[in-house]
Amino acid sequence: MSGGEPGFGVENILRFVGALLFVLSLIGLSGWGLRLLGWGSGGRIRPRRLAVVESVAIDARRRLILARRDNIEYLLLIGGAQDLVVESRIQGAEDEVTPSNVYSSPSSALIRG
């Protein structure tokens, strides 16, 4: 190679990698900024309506899930032969969880009933 010919020298490879990283970071920052402005959700920022508040494993297959939709909670038992709504339309509790109002195991829930 002569001095003026372009090639795959170390300097050219480093320049290419640096430019590629710079362009990719600009694309990422642009996407992040647009999402903050609300463009990522169709132009509207909506509050979340659905959330899993808590989930407890009953045994190897079944789970007890407390789900909230529009500030109303639902207690669901899933994973068995049939999923079951244990309790529905529970008003969302804003209380602090304390040991006195939490059952430690499913068997104690049956005893305390």
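You'll find the structure just up there.
Here the structure is a predicted model, which means the values were calculated and not measured.

Criteria and cut-off values
Residues numbered from 1 in each chain as written. Predicted model: local features only at pLDDT ≥ 70, side-chain atom pairs only at ≥ 80, totals over all residues. Heavy atoms only, no water. Helix = DSSP H or I, 4+ residues; strand = E, 2+ residues; numbered from the N terminus. Contact = heavy atoms within 4.5 Å. Polar contact = N/O pair within 3.5 Å; in protein donor to acceptor, adjacent residues only side chain to side chain. Salt bridge = Lys/Arg side-chain N within 4 Å of Asp/Glu carboxyl O. Buried < 20%, exposed > 50% of the residue type's maximum accessible area, 1.4 Å probe, protein only. Pairing = 2+ DSSP bridges. Axes fitted to C-alpha atoms, helices over the stretch in contact; angles between N-to-C directions.

**Quick word on unusual backbone geometry**
Then, in step 1: A positive phi angle, near 50°, is found at D70, a position not held by glycine.
Then, in step 2: With a phi angle near 60°, N71 is a residue other than glycine that sits in the positive phi range.
Then, in step 3: Within the secondary structure layout, N71 lies in the loop between β2 (63-69) and β3 (72-78).

**What to know about the environment of R49**
Then, in step 1: Structurally, the position occupied by R49 is in the loop between α1 (10-36) and β1 (50-57).
Then, in step 2: Considered as a pair, R49 and D70 are 21 residues apart in the sequence and their alpha carbons are 5.3 Å apart.
Then, in step 3: Here R49 is in contact with R68, R69 and D70, once residues within four sequence places are set aside.
Then, in step 4: Polar contacts involving the side chain of R49 include one to the side chain of D70, which spans 2.7 Å.

**Examining the pattern of salt bridges**
Then, in step 1: Scanning the entire structure with this criterion turns up 5 salt bridges.
Then, in step 2: A salt bridge links R62 to D59; the nearest nitrogen and oxygen atoms lie 3.0 Å apart.
Then, in step 3: The residue D70 makes a salt bridge to R69 at a minimum N-O spacing of 3.2 Å.
Then, in step 4: The class of D70 is partly exposed, set by a relative accessible area of 38%.
Then, in step 5: Overlapping salt bridges bring together R49, R69 and D70 as one network.

**What to know about the sheet that holds strand β4 (residues 84-91)**
Then, in step 1: Read across the sheet, 4 strands follow the order β1-β2-β3-β4 without closing on themselves; strand pairing throughout is antiparallel. In this open sheet, the two strands that pair with only one neighbour each are β1 and β4. With strand direction ignored, the average angle separating the axes of adjacent strands in the sheet is 20°.
Then, in step 2: Note: β2 against β3, 7 bridges, orientation antiparallel. Residue L66 lies in a different strand from β3, and its bridge partner there is L75.

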